[in-house]
Amino acid sequence: MNDKNDVNDVNDADDANVANGGGENAFETPPLRYRPYQIVHEWGDDPQEKLERLASLGIGGIVTNVSWDDRYLRDERAFRELDAQLDAASGRGLGIWLYDEKGYPSGSADGLTLSGHPELQARGLYRISVTGSGLAPVVVTLPEDGIRFYSASLHSLDEAASGATARCAEAADDGATVRTNGIEGEWVLHAYVEKYLYEGTHAERNGWSPRRYPNLLDSRAVRRFIETTYEPYAAHIGQGRIGEAVSAFFTDEPSLMAAYQNTEETYERAAVPWTEALPGRFEREHGYALAPYLHALFEGDGEAERTVRVQFYRTVASLLADSYFRQLADWCGSRGIRFSGHALLEESMVYHAAYYGSLMRVLREMPLPGVDMLTTRPQRYLDDPFGYLLAPKFVSSAARAAGRRDVMAEICPVHFDPSGAFTYDGDASLGDMTGTANLLYMGGVTHINSYYNALEMGEEQYRRYCAHVGRLGVMLEGAAHLPDVGVYYGIETYQADYIPIRQAVRRQPGPMWDRHESLLATARELLSAGLDFNFLDDQAIADAKLKDGALEVGGSCYRVLLMQGVEVIPLAVLAKLQRFEASGGRVVWTGTLPASGIYAGEHAEVVRRMRACELVPRVEAAARIRAARAEPIAESALRIAEAEAGARLLVSRYRKDGEELLMLLHAGDGIAEATLEAWPDGRRDAIVSDPATGSQSRVTLPFRLQLQPYECLFIQTMSEGARQMEG
């Protein structure tokens, strides 16, 4: 099926057909909109010649920006040059995205956001503690790195052990001192200090350029970013024209800076994210003042402290979603542009809690969310403990839960080390490149923005790659995903565990990373068992409709849910799951059973409701799900009847044009052979599409197929009516 000698040569295709729809066979010669967009930050001495060469390779568009010189965003000449390049790209039918930063992370406008407004810097809250005994006066002065004291509380040591607050101490009006009197016995005074965040954070240790960073929890700071970056683009391109000329803005790794990253050092402070509006937002969302319970953000593994942390990071997520992601999405949307880009370190929920509160929560506000793929080696994508496999799943799940389809992937071919070190991976073969693309699209991606060095690798190799990616897009256009199982996005458990430390996030205590590794192993086992999944967060389940033994979320139906390592669960979610089970759905619990909710009044009821639930060993989860999936309520028209030993076949199911569409990928070594059959009648016609060659053929099931490592095929059923029309 996969003779690479038959690959379509994009250079020989008619340009008009490629741009306007691929002629008679859009699969063989994919239209430009489905092909990779090339990321180009600097155009060099001859921009037109560079664009012409890139276009000749079969790219679909460009992601670009004004020149990254010393007058970034303030140089009229740079905007005129950009206009000329946009006109040239548009004239060739290429799509256009704009990149919103000089380097990364997005938000600083290379310092312009904070110019004249240092008060808008990223801000955190840390704790200093003073111990003593007796009733003598206590005075604490503001440390040199502090902005002001926010609050302080005095505890007896006995009360401190239980988390009770003895007395609130008073901070001076200027926030420079805390004064109080001691209490009988031994005591500890906790004083909470606001500070600007920079040293050791991603603002300093990002691999591009160290610079101060704005506070993304502060809507005023984000508004400044819009004024210094987005508005100048609109003004120079034209407020009425920008929506026609540009299809999306690309934001790169915006995050909160209240954690250390890409460092081996140990720092003096451990901070939580902070902004002036956060305490009021917390009180409105949870019904009580945060100040007396701030100690719970820094210590304690009791139920009370863990509950405060869950509520705090839920508030952080909702505030960040509004201030950054929604504000930028609204600006773009009002001009007919989609807001896209990707977050920082999507691979683990440990990072999600630290940098976003909840990644899925903030991505709900992004019309076209994206993922950063820091490898171009398919085996590493699947098997590396860093968790590359999970990243596109988290992001595409957020999109699908919100009823959206499109997901971007930035492919950045590097050898990446979690410590922050990375080197360019310039030796990727065509098989590596297309194999990684196959895995990304199986993970829910629908669009690729590429950092491959297209002009330095072999031209034929890149043409083949662009055509291959385009065919993936053509096949999945208009296809509705049919997941086998929903996996709960148990961010509440990570929020409960997360206490800031004075080292990099990856040094968080072992249990958090054990949970990540367990989830990653389960994801591999599900996919290797031919079971595709989406993550569902608490909002997705709360919004889901119960229908005939299924949860309907964002247009997809789930008849089986996996609850992996969930220790904390909103009572409303648990109640919904039990109604789901009562209607005929299946819930598989593995790893642990939850023992608390997200509010103090929920804990006892969660424990009571969980008494009847069975805890399944993790290694049995896939088998339990497969058994439930095989029942009549979840039959499919296509299934793998037989696969040779050792074949690692990944399967993703869709419905397109009223027919079932199956994406089948071999994620192992050697040639995989398998027999595909129709269910339940055994014989049926189907169309087999090979993105590597652009070939499509009609077969009669059962059908024996072969796949090379990390190759994929699409198989789509043909109804009787379609067969008659073809005949």
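Each chain carries its own residue numbering, running from 1 in the written order of its sequence. For this predicted model, a pLDDT threshold of at least 70 governs which residues receive local features, and a threshold of 80 or more governs which side-chain atom pairs are given and counted, while totals over whole chains, interfaces and linings are taken from all residues. Excluding hydrogens and water, the side-chain figures rest on all heavy atoms present in the structure.

Student: It is not clear to me how the overall build of the protein chain should be interpreted in this structure. Could you clarify?
Tutor: Counting from the N terminus, the helices are DSSP H or I runs at least four residues long and the strands are E runs at least two residues long. When you go through the protein chain residue by residue, the secondary structure sums to 21 helices and 34 strands. Relative accessibility under 20% of the residue-type maximum defines a buried residue, over 50% an exposed one, and the middle range a partly exposed one, all with a 1.4 Å probe and only protein chains included. A buried classification covers 61% of the 727 residues belonging to the protein chain. The Shrake-Rupley method, run with a 1.4 Å probe, gives the accessible areas here. Residue values count only the displayed protein chains as cover. With the model as given, the accessible surface of the protein chain reaches about 26500 Å², and the carbon-plus-sulfur share is 47%. In the protein chain, the 72 positive side-chain charges and the 104 negative ones have mean positions that sit 4 Å from each other. Residues counted as positive are Lys and Arg, residues counted as negative are Asp and Glu, and His and the chain ends are not counted. For charged residues, the charge sits on one atom: NZ in Lys, CZ in Arg, CG in Asp, CD in Glu.

Student: Can you help me understand the confidence of the model for the protein chain in this one?
Tutor: A low pLDDT means the predicted coordinates there should not be read in detail. pLDDT measures how confident the predictor is about each residue, on a scale from 0 to 100. Across the protein chain, the average pLDDT comes to 91, with 92% of residues at 70 or higher. This model gives residues 1–17 a pLDDT under 50, and the stretch forms 38 contacts once residues within four places in sequence are excluded. Contacts are assigned to residue pairs that have any heavy atoms within 4.5 Å of one another.

Student: I keep staring at the nonpolar core and nothing clicks. Help me out?
Tutor: Within soluble globular proteins, side chains that are nonpolar generally end up buried alongside one another. Ranked by internal contacts, the top residues of the largest apolar core, which has 190 residues, are Tyr233, Phe312, Ile448, Tyr462 and Tyr465. By residue number, the principal contributor to this core is helix 8 (residues 303–333), which donates 13 residues. If we ignore the near neighbours within four places in the chain, the residues touching Phe312 are Val272, Pro273, Trp274, Leu278, Phe282, Leu290 and Leu297. If you look at the next biggest cluster of nonpolar residues, it comprises 23 residues, including Ala540, Ile541, Ala544 and Leu577. The definition of a nonpolar core used throughout is a set of buried Ala, Val, Leu, Ile, Met, Phe, Trp, Tyr and Cys residues joined through side-chain atoms within 4.5 Å.

Student: For this particular structure, what's the right way to read the sheet that holds strand 32 (residues 695–701)?
Tutor: Through backbone hydrogen bonds, the strands of a sheet pair up, either in parallel or in antiparallel fashion. Two strands pair under a simple rule: DSSP has to find at least two bridges between them. In space, the 6 strands of this open sheet follow the order 18-28-29-34-31-32, with antiparallel pairing throughout. Edge strands, defined here as strands with exactly one partner in the open sheet, are strand 18 (480–481) and strand 32. Inspection of the sheet shows strand 29 (residues 659–666) paired to strand 34 (residues 712–717) by 5 bridges, in the antiparallel sense. In the sheet register, Leu662 faces strand 34, and the bridge partner there is Ile715. The sheet strands contacting helix 13 (residues 430–442) are strand 28 (649–656), strand 29 and strand 34, and the helix crosses strand 29 at an angle near 140 degrees. Only the contacting stretch of a helix is used when fitting its axis, a line to C-alpha atoms as for every element, and angles between N-to-C directions run 0 to 180 degrees.

Student: Hey, could you run me through the sheet that holds strand 13 (residues 368–373) in this one?
Tutor: Judged by pairing direction, the barrel is parallel, and its 8 strands sit side by side in the order 1-2-3-10-12-13-14-17 before closing back on the first. Here the average twist between neighbouring strands, direction ignored, is 25 degrees. Of the strands in this sheet, strand 10 (248–252) and strand 12 (338–342) are in contact with helix 8, which crosses strand 12 at around 140 degrees.

Student: Can you walk me through a negative patch on the surface in this structure?
Tutor: A surface patch of negative charge is lined by Asp45, Asp46, Glu49 and Glu52. If you trace the backbone, Asp45 turns up in the loop between strand 1 (37–39) and helix 2 (47–56). By relative accessible area, Asp45 is classed as exposed at 85%. The residues that make up patches have over 30% relative accessible area and no salt bridge, and they are joined within 9 Å when like-charged or within 5 Å when they are Val, Leu, Ile, Met, Phe, Trp or Tyr. Any carboxyl oxygen of Asp or Glu within 4 Å of a side-chain nitrogen of Lys or Arg constitutes a salt bridge here.

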